[in-house]
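The residues making up each chain are set out below.
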Amino acid sequence: MDFLLNPTSVGDKLISMVLAVVIFGVIMAVLLFAIDRPKVPNWVIVAAFLGPVAILLAVGLFYPAAGTVVRSFQVSVNAVGPDGGPVINPNTGQRLTELGFSFDNYTRVFTDPAFQKTLLNTVWWVVLVPVVSTLFGLIYAVLVDRTRFEKAAKALVFLPMAISMVGASIIWKFVYEYRQGGSPQIGLANQVLVWLGADPYQFIITQPWNTFFLIVVMIWINAGFAMTILSAAIKAVPDDIVEAAQIDGATGFKLFRRVTVPTIRPAVVVVLTTIAMGSLKAFDVVRTMTGGNYGTSIVANEFYTQSFRQGEGGKGIGAALAVVLFVIIIPVIVYNVRQMRLAEEVR
Amino acid sequence: MNSRPARKITTAIVGVSAAALLLSACGGSTTTPTASSAGSAAGGSSAPASSVAGATGPQPAESGWCDAVKAQYPNLSGSVGVYSTIVSPEDTPYIEAYKDFTTCTGVTVNYEGSKEFEAQVGVRVASGNPPDLGIFPQPGLLSQIVNNTGAVKPLPDFVKTNAQKYFPSDWLNYGTVNGISFGIPNNADFKSLVWYSPKTFADKGYTVPTTWDELTALTDQIAATGEKPWCIGIASGEATGWQITDWLEEYVLRYAGPEVYDQWVSHDVKFADAPIADALAKVGALLKDPKYVNGGFGDVATIASTQFNDVSTPLLNGQCTFAREAANFDSNFKGKTIGPDGDINAFYFPPANDQFGTTVLGGGTFYAAFADRPEVQAFEYYLTTPEYANARAKAGSWISSNLGLQASSVESAVQQEALKTLQSTDTTFRFDASDLMPAPVGSDAEWKQFTAWITGQDDATTLANIDAAWPTS
């Protein structure tokens, strides 16, 4: 049975994984079967249903989260031997380190100019992506609502949702591709500029605008999502309200601003907050298009770079960034959940 | 040692352009290097500025490793996994070179390449799933993994003894962490080369520059015509910026010399100190002057967005004249002839003055093992042998510091010259400084700061920011 606990080959690992799944299924089946007996106290049923979930959440979510918080306060310091030099394990060559408690990681995250730039970029992402996507989605949904070509027009905007973030980033990287003036342009954006008689522009390099050109990619992906949800909400606006408003003389923009928007407000807020959460963890776009270079890094990307590219050396910083991200996102989630409940009530 | 007449050697390296003639000149002087090789053996390692050839000198191409391995490990079976940054199609020659090992021992070698090696190797160790062997792209990363995880296995004595026989001691030192040997040198990257198109040179009547002054004069001459002589690209995904670290290293070697260079690697000389700041200013005088760059691409800022190997195109079609790239840049010219009369060729990036002799900047990758099973150790042994070096070189675009590697195994004329220079005792070789520095500096701060620098950040801020990233303890 040793190979099950310490699998070495891929085959062994697969077998041990399948076995684990089977064991899990059997335990769950036994549990569910047992609590279905009459005369089982209520608390046993509750524990049997919630217990496994609680345990898995604790192991898979709370334990690592707590570990990250602890690590964000740790700095590793080389142990000093009696001779004043580093302490080396003679068998492994490993340098002994001691973990110290410190606020250094947070101090660095908030004072280092590079990290400050990262935080500022993140703010731009979290503000612009949801606002612009939602605005665009809302206006578009209203414009195409009940027109002859509604389905086709919606599909057009919704299609980018089907493309992965990495795929979208690669597409836009080509769109932004730069060749010097006079040479044939291979990037669509620069070709358009050339047609208009302007000089080609280095979209990805030129700071600080490059961040906004990356944000465009995220908006392109999310606008379809916003449009779909908001279009559904608009269609759910009761006809009698609209008719009543029309009888009172509201038309066009006034009708939209005074009747449609207030009625679908919960849906707008849910879309806004959902996209805001998505853009807080928008790692793929930045990583694929610039790798965080040229001053375009955002917290989610920097967290990966520090934790994994910089190895253990940057682990404390990476953990601190993760915690910062976590803290920023909490109010957004709380607001999102409350609005979702409100939306449910309205329905 | 530094005051030797560098000119002659320089010409020998430049010699790709006049190879046949100069090869004989080089051959004529082989007695001198042998003598000085013995001298440097007596001098020991106290003179770090000494040659790459170290104490042993060139070795025969055969070591009879198969019998040695069988005697040491009589019953071998199973498989060995190699994990590396080198992905398809560049991995094929490696897989090719491992075949002899399988033929001799019956042990299969599973090669796995990933562009995410640097990030993943630490994760795999932490999750208890390390590869059997990794090919580490930088010694700095190797020492970081050793220090942080303790999971790397020291070279067994059997392997270490053989490594000492075939590799110069400085190369073994790059793979040594805290006094314990972990790394087996894999390839050697000869970086001090300037690539050019012989056709462009012939069309425009240029001659290959052999001194710094000639190179500068030719650069100015081309710039005066309105063309941009140099093409440079530093984009390389997350590693964007590493090319500028090489430029700075070349200039530090040429203007401040190998001794300052060594102090710089150990941070006894800071980035903000005069010799380094001075070198960066000189790099900037070339790289940040729109007169000189960026042929075929546009203004200075295009350096940041151009893939480093994309410069092969403007170089070939004459949109720029010079590209400073390593010897393995030849892999970008599949189907082209490389040589003084071919489509593309390279000359030695000349020394700025004779004071420091023939200085060569290079880099390399290192094998290190996370397992100590017999088949893994046997494989490590094979990696130290001249048979591996020659088999790998024959499979394509590769040279190493293995003293048993024969020039005849190397296909490209540029790589052959690079190998000769590497094995010559007259060469002052220095390993890529950023690869030796701690990872937060050498493969993070330097890359990011130099990328910012080329897009407009000033020298002082750049250097201060890099110094600030140096680990305090």
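Residues numbered from 1 in each chain as written. Chains lettered and ligands numbered in written order. Predicted model: local features only at pLDDT ≥ 70, side-chain atom pairs only at ≥ 80, totals over all residues. Heavy atoms only, no water.

If you look chain B up in an unreviewed UniProt entry, it shows as Carbohydrate ABC transporter substrate-binding protein from Nakamurella flavida. Here chain B is described in UniProt, under the heading Sequence similarities (unreviewed entry), as follows: "Belongs to the bacterial solute-binding protein 1 family." (UniProt positions renumbered as here; feature names shortened; annotations may be inferred.)

The name given to chain A in an unreviewed UniProt entry is Sugar ABC transporter permease, and the organism recorded there is Nakamurella flavida. Here chain A is described in UniProt, under the heading Sequence similarities (unreviewed entry), as follows: "Belongs to the binding-protein-dependent transport system permease family." Comment text from UniProt for chain A, heading Subcellular location (unreviewed entry), reads "Cell membrane".

A. Spotlight on the UniProt feature "transmembrane region" (unreviewed entry) in chain A. Residues and elements named next belong to chain A. Mapped onto the present numbering, the UniProt feature "transmembrane region" (unreviewed entry) falls at residues 14-35, 42-63, 123-143, 155-175, 212-234, 264-283 and 317-337. As a span, residues 123-143 carries 100% helix and 0% strand, and end to end its C-alpha atoms are 30 Å apart. Taken as a whole, residues 317-337 contains 100% helix and 0% strand, while its terminal C-alpha atoms sit 30 Å from one another. (Helix = DSSP H or I, 4+ residues; strand = E, 2+ residues; numbered from the N terminus.)

B. A look at the state of the cysteines. Residues and elements named next belong to chain B. Inspection of every chain in the model, using the stated rule, returns two disulfides over all chains. The disulfide partner of Cys66 is Cys104, and the S-S distance across this bridge is 2.0 Å. One quick way to see it: the torsion about the S-S bond of Cys66 and Cys104 is about 105 degrees, and its sign makes the bridge right-handed. Within this pair, whereas Cys66 is found in helix α4 (residues 65-72), its partner Cys104 is found in helix α6 (residues 99-105), the two being separated by 38 residues in sequence. For Cys66, a relative accessible area of 21% gives the class partly exposed. In this structure Cys104 comes out as buried when scored by relative accessible area, which is 10%. In this model, Cys231 is linked to Cys320 through a disulfide, with the two sulfur atoms separated by 2.0 Å. Here Cys231 is found in the loop between α12 (212-224) and α13 (242-265), whereas its partner Cys320 is found in the loop between α16 (312-316) and β8 (323-324), with 89 residues between them in sequence. A relative accessible area of 1% means that Cys231 is categorised as buried. Residue Cys320 is classed as buried on the basis of its relative accessible area, which comes to 1%. If the cysteines joined by disulfides in chain B are listed in sequence order, their pairing comes out as 1-2, 3-4. (Disulfide = S-S within 2.5 Å. Buried < 20%, exposed > 50% of the residue type's maximum accessible area, 1.4 Å probe, protein only.)

C. Seen up close, the packing of aromatic side chains. All names here are of chain B. Within this structure, the stated rule accounts for 62 aromatic pairs over all chains. With a centroid separation of 4.4 Å and an interplanar angle of 40 degrees, the aromatic rings of Tyr174 and Phe431 are classed as tilted. Here Tyr174, found in helix α10 (residues 169-174), pairs with Phe431, found in strand β11 (residues 427-431); they are 257 residues apart in sequence, far enough to count as distant. For the pair shown, Tyr174 and Phe431 are each scored as buried. (Phe/Tyr/Trp six-rings, centres within 6.5 Å; stacked < 30°, edge-to-face > 60°.)

D. Representation of the pattern of salt bridges in the model. Inspection of every chain in the model, using the stated rule, returns 23 salt bridges over all chains. Lys235 of chain A is the partner of Glu150 of chain A in a salt bridge, and the nearest nitrogen-oxygen pair spans 2.9 Å. Here Glu150 of chain A, found in helix α6 (residues 150-158), pairs with Lys235 of chain A, found in helix α9 (residues 209-235); they are 85 residues apart in sequence, far enough to count as distant. According to the relative accessible area criterion, Glu150 of chain A is buried, its value standing at 10%. The class for Lys235 of chain A is partly exposed, based on a relative accessible area of 37%. A salt bridge links Arg430 of chain B to Asp262 of chain B; the nearest nitrogen and oxygen atoms lie 2.9 Å apart. With Arg430 of chain B in strand β11 and Asp262 of chain B in helix α13, this pair connects stretches of sequence that are 168 residues apart. The class for Asp262 of chain B is partly exposed, based on a relative accessible area of 27%. Overlapping salt bridges, with partners in common, bring together Asp145, Arg146, Glu150, Lys154, Lys235 and Asp239 of chain A in one network. (Salt bridge = Lys/Arg side-chain N within 4 Å of Asp/Glu carboxyl O.)

E. The pairing of β11 of chain B, seen in detail. Residues and elements named next belong to chain B. Within β11, five of the five residues are buried, leaving the element largely enclosed by the surrounding structure. Residues Thr427, Phe429 and Phe431 of β11 are buried on one face, and the alternating residues Thr428 and Arg430, pointing to the opposite face, are buried as well. As paired strands, strand β10 (residues 358-369) and β11 are joined by five bridges and run parallel to one another. Looking across to β11, one finds that Thr359 is bridged to Thr428. (Pairing = 2+ DSSP bridges.)

F. Just the sheet that holds β8 of chain B, in detail. Residue and element names in this part refer to chain B. Taken in spatial order, the three strands line up as β8-β7-β9 in an open sheet, and their pairing is antiparallel. Edge positions in the sheet fall to β8 and β9 (345-348), since each has one partner strand and no second. Strand direction decides the pairing type here: strand β7 (residues 193-196) and β8, joined by two bridges, are antiparallel. Along β8, the bridge assignment pairs Trp195 with Ala323.

G. Examining the packing of helix α14 (residues 299-309) of chain A against helix α7 (residues 117-126) of chain B more closely. Running from N to C, α14 of chain A and α7 of chain B point in directions that differ by 60 degrees, and their axes come no closer than 8 Å. As far as their axial angle goes, α7 of chain B and α14 of chain A are oblique. Residues Tyr304, Phe308 and Arg309 of chain A of α14 of chain A lie in contact with α7 of chain B, whose contacting residues are Glu118, Ala119 and Val123 of chain B. (Axes fitted to C-alpha atoms, helices over the stretch in contact; angles between N-to-C directions. Parallel < 35°, antiparallel > 145°, perpendicular 65-115°, else oblique. Contact = heavy atoms within 4.5 Å.)

H. Spatial organisation of the interface of chain B and chain A. Between chain B and chain A, the residue contacts involve 38 residues of the former and 31 residues of the latter. Taken over both partners, the interface formed by chain B and chain A buries close to 2,800 Å², and the fraction arising from carbon and sulfur atoms is 42%. Here chain B is connected to chain A by two salt bridges. For the salt bridge of Arg287 of chain A with Glu116 of chain B, the shortest nitrogen-to-oxygen distance reads 2.6 Å. Across the chain B-chain A interface, the total number found is twelve residue pairs in polar contact (both at pLDDT 80 or more). (Buried area = accessible area lost by both parts, 1.4 Å probe. Polar contact = N/O pair within 3.5 Å; in protein donor to acceptor, adjacent residues only side chain to side chain.)

I. Structural view of the environment of Val269 of chain A. Residue and element names in this part refer to chain A. Checked against the element boundaries, Val269 lands in helix α12 (residues 265-280). For Val269, a relative accessible area of 8% gives the class buried. Distance from Val269 to Asn336, taken between C-alpha atoms, is 7.2 Å for residues 67 residues apart in sequence. Ignoring sequence-local partners within four residues, the contact set of Val269 consists of Tyr335 and Gln339.

J. Representation of the environment of Arg309 of chain A in the model. Looking at the element boundaries, Arg309 of chain A is found in helix α14. Excluding anything up to four places from it in sequence, Arg309 of chain A contacts Tyr304 of chain A together with Lys115, Glu116, Glu118, Ala119 and Glu238 of chain B.

K. Seen up close, the pairing of strand β3 (residues 133-136) of chain B. Residues and elements named next belong to chain B. Alternating residues of β3 divide into Leu133 and Ile135 and Gly134 and Phe136, and every residue in both groups is buried. Bridge analysis of strand β1 (residues 79-84) against β3 gives three bridges, and the strand direction is parallel. What sits directly across from Ser84, in β3, is Ile135. Strand direction decides the pairing type here: β3 and β10, joined by four bridges, are antiparallel.

L. Examining the environment of Ile317 of chain A more closely. Residue and element names in this part refer to chain A. Positionally, Ile317 belongs in helix α15 (residues 315-346). On the basis of relative accessible area, Ile317 is assigned to the buried category, the value being 5%. Along the primary structure Ile317 and Phe73 are separated by 244 residues, whereas in three dimensions their C-alpha atoms are 8.9 Å apart. Apart from residues lying up to four places away in sequence, Ile317 is in contact with Asn105, Arg108, Val109, Phe115 and Gln306.

M. Main features of the confidence of the model for chain B. All names here are of chain B. Here chain B averages 85 in pLDDT, while 88% of its residues score no lower than 70. In this model, residues 1-55 is a region of pLDDT below 50 whose contacts with residues beyond four sequence positions or in other chains number 78 contacts. Reported confidences for the modelled complex are a pTM of 0.81 and an ipTM of 0.76. (pLDDT = per-residue confidence, 0-100.)

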